[in-house]
Amino acid sequence: MEAVVSSGRPGTVLTFTMTAYAVMENNKHGLFTVFLLLYLIILTLNTLLITVIHQNKELHQPMNVFTCMLSVNEMYGTTALLPAVMALLMSDTHETSVKWCLAQVYFVHTYACAEFCILAVMGYDRYVAICYPLHYHSIMSYSKISKLVALASLYPLILFACFYALTLNLSFCGKVVPKLYCVNIEVVKNSCSSVPYISIVGLVLIPFFVVPQLVMIVFSYMQIARVCGKLLRESRGSALKTCIPHLFSLLNYTILSLFEVIQSRFNMNHVAVDARIFLSLYFIIIPSVANPVLYGLGTQTVRVHILKRFIRHTILPSKIRDFG
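Residues numbered from 1 in each chain as written. Predicted model: local features only at pLDDT ≥ 70, side-chain atom pairs only at ≥ 80, totals over all residues. Heavy atoms only, no water.

The name that an unreviewed UniProt entry assigns to the chain is Olfactory receptor, with the source organism given as Labrus bergylta. Taken verbatim from the UniProt record of the chain, the Sequence similarities (unreviewed entry) comment is "Belongs to the G-protein coupled receptor 1 family." (UniProt positions renumbered as here; feature names shortened; annotations may be inferred.)

So, in structure tokens, the structure goes:
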């Protein structure tokens, strides 16, 4: 197939071909249904969690504010991924425009960066709650929460934009992206000229994407472990119980990030195509389903309000109809 050529820049293409979809062709209608259901489940779970927290004033605690941020980020990431995956799956050519591909690069990468920033802030919140329980509300003031929300939101958007500007200045002559969605390293490989400086800049910036958050998380949990070591067994169990959803989210994110980095940076031809496709989707989909469940059903105060909402809107109306 001949490349579509831009009239403004001779030799540059207007579309990329997403070659990973070829192996899904025979099952595309079934997979489309699965992706659509997953997308609706993710939107429903995260919207429900945000709504319950928003509508109940007693849940307006700092940890729940950050939980809402996490849910918003899950919907942001999956919206950047799944509708495009479904559209490409049902297309005949599996081609996407260069402009959309570049936009998706920004959305997917900022989702991943924001996820780690939010988890780091949540770790700090647990540190303050467990190590300074009597001063928690004075330390986590409205002003402090606003600054942490702004930091976790703007830091990844601005930092990645600085790096992303290098990709935006490229012209593209190749048109093959061997994935289900666009990522920066695969897009750069299609550049008309060799651009090793982008990889160098990317490696230089990695510590800024990872180290501050990692330091905050490690420091927080070291302090939590120190304080919990001095508590009675019952008090220690109660304190650690509040950390379980966060630790699960953090572990899940770390494993998925490693999978994605390995796939992007190393030759994975020896791994089955189906496995690579699964891991690519796993990176965004699984946290987006797991996190609202962990923070909704895994947190007692939130779980109580979700169950009350469920009983009020499903069980009680049905009983009223029965009596009627």
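(A) Region of the structure containing the UniProt feature "transmembrane region" (unreviewed entry) in the chain. The positions UniProt marks with the feature "transmembrane region" (unreviewed entry) are residues 31-53, 65-90, 102-124, 145-166, 197-222, 243-262 and 277-298. Regarding residues 102-124, the helix share stands at 100% and the strand share at 0%, and the terminal C-alpha atoms are separated by 33 Å. For the annotated span residues 277-298, helix accounts for 95% and strand for 0% of the residues, and the straight-line distance between the end C-alpha atoms is 30 Å. (Helix = DSSP H or I, 4+ residues; strand = E, 2+ residues; numbered from the N terminus.)

(B) Looking closely at the state of the cysteines. According to the stated counting rule, one finds two disulfides in the structure shown. Paired through a disulfide, C101 and C182 show a sulfur-sulfur distance of 1.8 Å. In this structure the cystine formed by C101 and C182 twists about its S-S bond by roughly -115°; its chirality is therefore left-handed. Of this pair, C101 sits in helix α3 (residues 98-131) while C182 sits in the loop between β3 (176-177) and α6 (184-188); the two residues are 81 residues apart in sequence, bridging distant segments of the chain. Both residues of the pair, C101 and C182, belong to the buried class. A sulfur-sulfur distance of 1.9 Å marks the disulfide that ties C173 to C192. Between C173 and C192, the disulfide has an S-S torsion of 100° and is therefore right-handed. Here C192 lies in the loop between α6 and α7 (196-228) and C173 lies in the loop between α5 (142-168) and β3, a separation of 19 residues in the sequence. (Disulfide = S-S within 2.5 Å. Buried < 20%, exposed > 50% of the residue type's maximum accessible area, 1.4 Å probe, protein only.)

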